[in-house]
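# Overview (structure and organization)
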Amino acid sequence: MNNNVTDLLNEQEIKTDIMRYKNNGTSFWLSILAIIADVVMFVIIYKQKECVPDFQMGFDLLINVIYMLAVFLIAEKTKAYNKKASYAAFIVAAIQIARIFWIPLNYLNNGLTVVQFGWCVGLIVLSAVSLVAAGIVAIVKNNKLEAHLQTLEEMR
């Protein structure tokens, strides 16, 4: 085998081995981006003067807090290459897409302008896309790390 190819393979093996000791920062920060997008969406909605405290607002805030806690838990678990958390990210992303038809649409009828509605929908989509990306990155890295660990185990 050519020395350049061998050096490249060794470099890839070393990078993969480092994953055992280094967190998955990409998935973590993509999940944090999902939380930030959701918070900005709620700020857009709740800064409206027409937005008055009622049961719907309380329920929305409760769901938003649960969403943020769930996504933070996903962020922490995908950071540790947890494959189940990757699948949870896909489920939460699907729920986030479904929320488009509930939260911004509800407030569009209650004082939200079309431009603000567009921003809210865009932020929810950004949140969902970043969760999907976090899940995909975590699965790919998890599979790579598992294969590497399996190779190390076979070498023993």
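Before reading further, recall that the structure is shown in the block above.
Residues numbered from 1 in each chain as written. Predicted model: local features only at pLDDT ≥ 70, side-chain atom pairs only at ≥ 80, totals over all residues. Heavy atoms only, no water.

### Some details on the packing of helix H4 (residues 83-99) against helix H6 (residues 114-155)
In contact at an axis separation of 8 Å, H4 and H6 are set at 165° when each is read in the N-to-C sense. In terms of orientation, H4 and H6 fall into the roughly antiparallel class. Handedness of the crossing formed by H4 with H6: left-handed. (Axes fitted to C-alpha atoms, helices over the stretch in contact; angles between N-to-C directions. Helix = DSSP H or I, 4+ residues; strand = E, 2+ residues; numbered from the N terminus. Parallel < 35°, antiparallel > 145°, perpendicular 65-115°, else oblique. Left-handed = near helix turned anticlockwise from the far one by under 90°.)

### Considering the nonpolar core
Membership of the largest hydrophobic core comes to 15 residues, with the highest contact counts inside it found for Met 41, Ile 45, Ile 103, Tyr 107, Leu 112 and Cys 120. Where this core is concerned, the elements lending two or more residues are helix H2 (25-46), helix H5 (103-108) and H6. In terms of residue count, H2 provides more of this core than any other element does, five residues in total. For Tyr 107, the residues in contact, after removing those within four places along its chain, are Ile 45, Tyr 46, Cys 51, Gln 56, Met 57, Asp 60 and Leu 112. (Core = buried A, V, L, I, M, F, W, Y, C linked by side-chain atoms within 4.5 Å. Buried < 20%, exposed > 50% of the residue type's maximum accessible area, 1.4 Å probe, protein only. Contact = heavy atoms within 4.5 Å.)

### Overview of the side chain of Gln 96
Turning to its location among the elements, Gln 96 is positioned in helix H4. Among the residues examined, Gln 96 registers a relative accessible area of 0% and is labelled buried. Discounting chain neighbours no more than four positions away, the residues touching Gln 96 are Asp 38, Tyr 67, Ile 124, Ser 127 and Ala 128.

### A closer look at a nonpolar patch on the surface
Together, Ile 97, Phe 101, Leu 105, Val 125 and Val 129 line one region of the surface with nonpolar side chains, adding up to about 430 Å² of accessible area. Counting through the fold element by element, Phe 101 comes out in the loop between H4 and H5. For Phe 101, a relative accessible area of 60% gives the class exposed. (Patch = residues over 30% accessible without salt bridge, like charges linked within 9 Å, V, L, I, M, F, W, Y side chains within 5 Å. Areas by Shrake-Rupley, 256 points an atom, 1.4 Å probe, with all protein chains shown as cover. Salt bridge = Lys/Arg side-chain N within 4 Å of Asp/Glu carboxyl O.)

### Some points on the packing of H2 against H6
Remark: H2 packs on H6, axes separated minimally by 8 Å, with the N-to-C direction vectors making an angle of 165°. Taken together, H2 and H6 sit at an angle that is classed as roughly antiparallel. Regarding H2 and H6, the two cross each other, and that crossing is left-handed. The class makeup of the residues in the contact of H2 with H6 is 18 nonpolar, six polar and one charged. (Nonpolar A, V, L, I, M, F, W, Y, C, P; charged D, E, K, R; others polar.)

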